[in-house]
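Chain by chain, the residues:
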Amino acid sequence: MQDLHDLYQEVILDHNRRPRNFGPLPDATQSAKGHNPLCGDKLTLSLKVEGDRITDVMFEGSGCAISKSSASLMTDAIKGRTVDEATELFDRFHQMVTTPSDQPVDEAAVGKLAVLAGVREFPARVKCASLAWHTLKAALTKAPDPAKTE
Amino acid sequence: MTPHAVPVPAASSSFDVKAVRAQFPALQQQVHGKPLAYLDNAATTQKPQVVIDALRHYYERDNANVHRGVHALSERATAAFEASRRTVQQLVNAVSEREIVFTRNATESINLVARAWGDWQLKPGDEVLISAMEHHSNIVPWQMACARTGAILKVAPIDDRGDVIMEEFERLVTTKTKMVAVVHLSNVLGTINPVEEMIALARRVGATVLIDGSQAAYHMAVDVQAMAPDFYVFTGHKIYGPTGIGVLYGRESLLDAMPPFLGGGDMISSVTFEKSEWNGLPYKFEAGTPNIAAAIGLGRAVEFVRDIGFEAIGAHEAALLAYATERLSAVPGLRLVGTARRKASVLSFVMSDLHPHDIGTIVDREGVAIRTGHHCAQPVMDRYSIPATARASLAMYNTTDEIDALVVALDRVRHLLG
Ligand SMILES: Cc1ncc(COP(=O)(O)O)c(C=O)c1O
């Protein structure tokens, strides 16, 4: 059962119950929709980018505890960062969730996001954790189609 | 919650679930240190030892191409392959084995009809009528056929319980209706549709009828002569058979008149560069080397089911459904999706504030295998305004103990996430 507790850590449950930065962003400069067809998770991510900085970010949608808390944690992590910093965080997060579960993750590189490392024990759930991040990438590059995790 | 708050149905004398389970090797395992409770039968059923043995025997002894050789192995392979066709013919009580076409799966069977029949018969303005509870495989091929031919797709709505609203269905069957394609038993809601009544309505306007029996075939006896659809399709892997084999039953005169689907070897009687002559039925629709092993395995699976009998299977599954419905309904915050008047042992549900995906992950760690998601029926999810459901689907080898294990596991979900 330890791996279940690793997945559903208190921080994750808290972000699931009380997602941060949840709601519309009327003065968004760009946004994207993400969809995980496997589980029906859908989210809309809205960014306000001023110069090269993400000055505000909000998300809306429905999803499982993992995708919702991941989106919530992500918005906290990227708010106030530059676009380049956010992109780098995307890479580090991606690196973390795709590292085999028997290898240690570099917690310092991802900060608070390290609570999602437990998802590696659950291959079917990695996509849930990644959905918000793929949607972020789509929003930053203003891709016209909904981001997909498939 | 006491595990046996609901009376456990008495085991029927003719049906010994322990003895049935013992014949399925995959059911004997532990998952995450817990005994496996396999409750995902609507996705695919496990295989009895006799089916696994039949595959093995074919590859070890009889492996050869069919309908092509004069040597001993080819004759044995051909005999076993054709014997399976007869077994399937008897299963659905078709008049002739010429009416049984082997395909890869139900999806291919429906695509075959949508192509070969659809492109031949559908004209601009014609209508294809489906129901709101179809699997994607009975939606998309018709959308594609409509796009090719200019026909129009119509959808008969369902009510909150998961029954097709028959007044609406009747209203939608008009002289424009050329095809009525409906599911016999819903993989999400468990609804058993009144297909006889639907076929009678289609007959009044001369429409052709396809019934998707993918889920029905392993729960109930099907008699295509009594039901009288034009096409009836199902898939081998859900009736305890191998993957890679499906069935299309088609009325002989209609199959005979239809143009072929795929072209190639086996489906012709003569080929010159100017012209090819089509082979007779059912071979006209079986281009290329078929999945011989899987066809033979399917025949063995059908014999296995027939030997137990749908009466005994039906009684056992009905008792399981009643037990599971009562137990699940008592789980705090759980709501069943699909409570049709006539339904089979498929229980879709949602739990307040808990996403099905989280439910699925947590109960898996308790050894309980259920499906979560949209079950290849996104329009059904939209109908009930839910992103997904969790689904327990029960087969002949399931037990009340396994339902208890699910209920205990759901308790754990609430404990962990609630
Ligand atoms: C009602 C129904 N129709 C069609 C199918 C398609 O079966 P297959 O994927 O084997 O073609 C399924 C199963 O997935 C089903 O449940």
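Being a predicted model, the structure only gives us computed values, none of them experimental.

Participant: What is the right way to read the pattern of salt bridges from this model?
Facilitator: For side chains bearing opposite charge, pairing can occur when the charged atoms are close. Counted according to the given criterion, the structure contains 31 salt bridges over all chains. The salt bridge partner of B:Glu170 is B:Arg204, with a shortest N-O separation of 3.2 Å. Linking B:Glu170 in helix 6 (residues 166-172) with B:Arg204 in helix 7 (residues 195-204), this pair joins segments that are 34 residues apart in sequence. Within this structure, A:Asp3, B:Asp364 and B:Arg365 form a network of salt bridges that share partners.

Participant: Just to check I follow, could you spell out the site of the ligand for this structure?
Facilitator: Surrounding the ligand, one finds 13 residues, the nearest of these being B:Thr107, B:Asp212, B:Gln215, B:Thr235 and B:Lys238. Between the ligand and B:Thr235 there is a distance of 2.6 Å, counted from an oxygen atom to a side-chain nitrogen or oxygen.

Participant: What should I look at first to understand the interface of chain A and chain B in this one?
Facilitator: By convention, interface size is frequently given as the accessible area that disappears when the constituent parts associate. Listed by partner, the interface residues are 23 residues for chain A and 17 residues for chain B. Taken together, chain A and chain B are joined by two salt bridges. The partner of B:Asp358 in a salt bridge is A:Arg125, with the nearest N and O atoms 2.8 Å apart. Where chain A meets chain B, there are seven residue pairs in polar contact (both at pLDDT 80 or more). When contributions to the side of chain A that touches chain B are tallied by element, the ones reaching two or more residues are helix 1 (2-7), helix 2 (10-17) and helix 3 (65-78) of chain A. When residues of the side of chain A that touches chain B are assigned to their parent elements, the largest contribution, four residues, is made by helix 1 of chain A. Each residue belonging to the side of chain A that touches chain B can be placed in one class, and the counts come to 14 nonpolar, four polar and five charged.

Participant: Explanation requested: the packing of aromatic side chains in the structure shown.
Facilitator: The description of two aromatic rings rests on the distance between their centres and on the angle between their planes. All names here are of chain B. Here the structure, examined in full by the defined rule, presents nine aromatic pairs over all chains. Seen in terms of ring centroids, Tyr240 and Tyr397 are 5.9 Å apart; in terms of plane orientation they differ by 75°. Their pairing is edge-to-face. Note that Tyr240 is positioned in the loop between strand 9 (231-235) and strand 10 (246-250) and Tyr397 in the loop between strand 17 (389-393) and helix 14 (400-417), a separation of 157 residues in sequence. Among the residues examined, Tyr240 registers a relative accessible area of 0% and is labelled buried. Tyr397 sits in the buried class, given a relative accessible area of 0%. A cation over a ring is seen here: Arg383 above Tyr384, with NZ or CZ 5.0 Å from the ring centre.

Participant: Looking at this structure, I do not really get the environment of B:Ala202. What am I missing?
Facilitator: Residues and elements named next belong to chain B. Among the secondary structure elements, Ala202 is positioned in helix 7. Look at Ala202 and you get buried, because its relative accessible area is 0%. Distance from Ala202 to Gln143, taken between C-alpha atoms, is 20 Å for residues 59 residues apart in sequence. Apart from the residues lying within four places of it in its own chain, the contact partners of Ala202 are Val173, Val180, Ala207 and Val209.

Participant: For this particular structure, what's the right way to read the sheet that holds strand 5 (residues 127-131) of chain B?
Facilitator: Two strands in a sheet stick together by hydrogen bonds in their backbones, pointing the same way (parallel) or opposite ways (antiparallel). All names here are of chain B. The sheet built from seven strands is open, its strands ordered 4-10-9-8-7-5-6 with mixed pairing. Because the sheet does not close on itself, it has two edges, and the strands there are strand 4 (100-103) and strand 6 (152-156). The sheet shows a mean angle of 20° between the axes of neighbouring strands, direction not considered. The pairing of strand 4 with strand 10 spans four bridges and is antiparallel. Along strand 10, the bridge assignment pairs Thr103 with Gly246. Against the sheet, helix 5 (residues 140-149) makes contact with strand 5, strand 6, strand 7 (177-183) and strand 8 (208-212), and its axis sits at roughly 145° relative to strand 6, the strand it touches most.

Participant: I would appreciate a short explanation of the sheet that holds strand 16 (residues 371-373) of chain B in the present structure.
Facilitator: Residue and element names in this part refer to chain B. In space, the four strands of this open sheet follow the order 13-14-17-16, with antiparallel pairing throughout. Across the chains shown, the open sheet's two edge strands, defined by having one partner strand only, are strand 13 (334-337) and strand 16. Averaged over neighbouring strand pairs, the angle between their axes works out to 30° when direction is ignored. Summarising the sheet, strand 13 and strand 14 (residues 346-351) pair through four bridges and their orientation is antiparallel. In the sheet register, Leu334 faces strand 14, and the bridge partner there is Met351. Its contacts with the sheet put helix 12 (residues 356-364) on strand 14, strand 16 and strand 17, and the angle it makes with strand 16 is roughly 160°.

Participant: I would appreciate a short explanation of the nonpolar core in the present structure.
Facilitator: If you look at soluble globular proteins, the nonpolar side chains tend to sit buried side by side. Membership of the largest hydrophobic core comes to 85 residues, with the highest contact counts inside it found for B:Phe169, B:Tyr232, B:Phe234, B:Ile239, B:Tyr240, B:Met396 and B:Tyr397. Top contributing element to this core by residue count: helix 10 (residues 292-308) of chain B, with ten residues. Summarising the domain contributions, this core has at least three residues from each of domain 1 (17-42 + 309-417) and domain 2 (53-306) of chain B. Setting aside residues no more than four positions away along its own chain, B:Tyr232 makes contact with B:His184, B:Ile211, B:Gly213, B:Ala216, B:Val222, B:Val224, B:Met227, B:Val247, B:Leu248 and B:Tyr249. Counting residues in hydrophobic clusters, the runner-up holds 77 residues, among them A:Cys39, A:Leu43, A:Leu89 and A:Val126.

Participant: What exactly am I supposed to notice about the pairing of strand 7 of chain B here?
Facilitator: Successive side chains on a regular strand alternate, one facing one side of the sheet and the next facing the other. All names here are of chain B. When you tally the buried positions in strand 7, you get six out of seven residues, the bulk of the element. In this structure, strand 5 lies alongside strand 7, joined through three bridges in parallel fashion. Looking across to strand 7, one finds that Leu129 is bridged to Val180. Two strands pair when backbone bridges link them, and strand 7 and strand 8 are joined in this way by five bridges, in the parallel orientation. Paired with Val180 across the bridge in strand 8 is Val209. Remark: the strand 7/helix 7/strand 8 crossover connection has right-handed handedness.

Participant: Teacher, can you tell me more about the domain arrangement of chain B here?
Facilitator: Residue and element names in this part refer to chain B. According to the domain assignment, chain B contains domain 1 (17-42 + 309-417) and domain 2 (53-306). Taken residue by residue, the interface counts 34 residues in domain 1 and 33 residues in domain 2. The largest share of the area that domain 1 buries against domain 2 comes from Phe310, Arg342 and Arg383, three residues that together contribute 22% of it. Our count for the domain 1 to domain 2 interface comes out at two salt bridges. Among the salt bridges present, the one from Arg341 reaches Asp163, with a minimum N-O distance of 3.6 Å. Element by element, the count of residues in the side of domain 1 that touches domain 2 is highest for helix 13 (residues 378-383), at five residues. Of the residues in the side of domain 1 that touches domain 2, the class split is 18 nonpolar, ten polar and six charged.

Participant: How do you make sense of the packing of helix 2 of chain A against helix 3 of chain A when you look at a structure like this?
Facilitator: To characterise two packed helices, one gives the angle between the axes of the helices and the distance between these axes. Residue and element names in this part refer to chain A. Two numbers describe how helix 2 lies on helix 3: the axes approach to 8 Å, and their chain directions differ by 90°. Comparing the axis directions of helix 2 and helix 3 gives the class roughly perpendicular. Contact residues: Val11, Ile12, His15 and Asn16 in helix 2; Ala65, Ile66, Lys68, Ser69, Ser72, Leu73 and Asp76 in helix 3.

Calculation criteria
- Residues numbered from 1 in each chain as written.
- Chains lettered and ligands numbered in written order.
- Predicted model: local features only at pLDDT ≥ 70, side-chain atom pairs only at ≥ 80, totals over all residues.
- Heavy atoms only, no water.
- Salt bridge = Lys/Arg side-chain N within 4 Å of Asp/Glu carboxyl O.
- Helix = DSSP H or I, 4+ residues; strand = E, 2+ residues; numbered from the N terminus.
- Near = heavy atom within 4 Å.
- Polar contact = N/O pair within 3.5 Å; in protein donor to acceptor, adjacent residues only side chain to side chain.
- Contact = heavy atoms within 4.5 Å.
- Nonpolar A, V, L, I, M, F, W, Y, C, P; charged D, E, K, R; others polar.
- Phe/Tyr/Trp six-rings, centres within 6.5 Å; stacked < 30°, edge-to-face > 60°.
- Buried < 20%, exposed > 50% of the residue type's maximum accessible area, 1.4 Å probe, protein only.
- Lys NZ or Arg CZ within 6 Å of the ring centre and 35° of its normal.
- Pairing = 2+ DSSP bridges.
- Axes fitted to C-alpha atoms, helices over the stretch in contact; angles between N-to-C directions.
- Core = buried A, V, L, I, M, F, W, Y, C linked by side-chain atoms within 4.5 Å.
- Domains from an automatic or database assignment.
- Right-handed = clockwise from strand over helix to strand, strands pointing away.
- Buried area = accessible area lost by both parts, 1.4 Å probe.
- Parallel < 35°, antiparallel > 145°, perpendicular 65-115°, else oblique.

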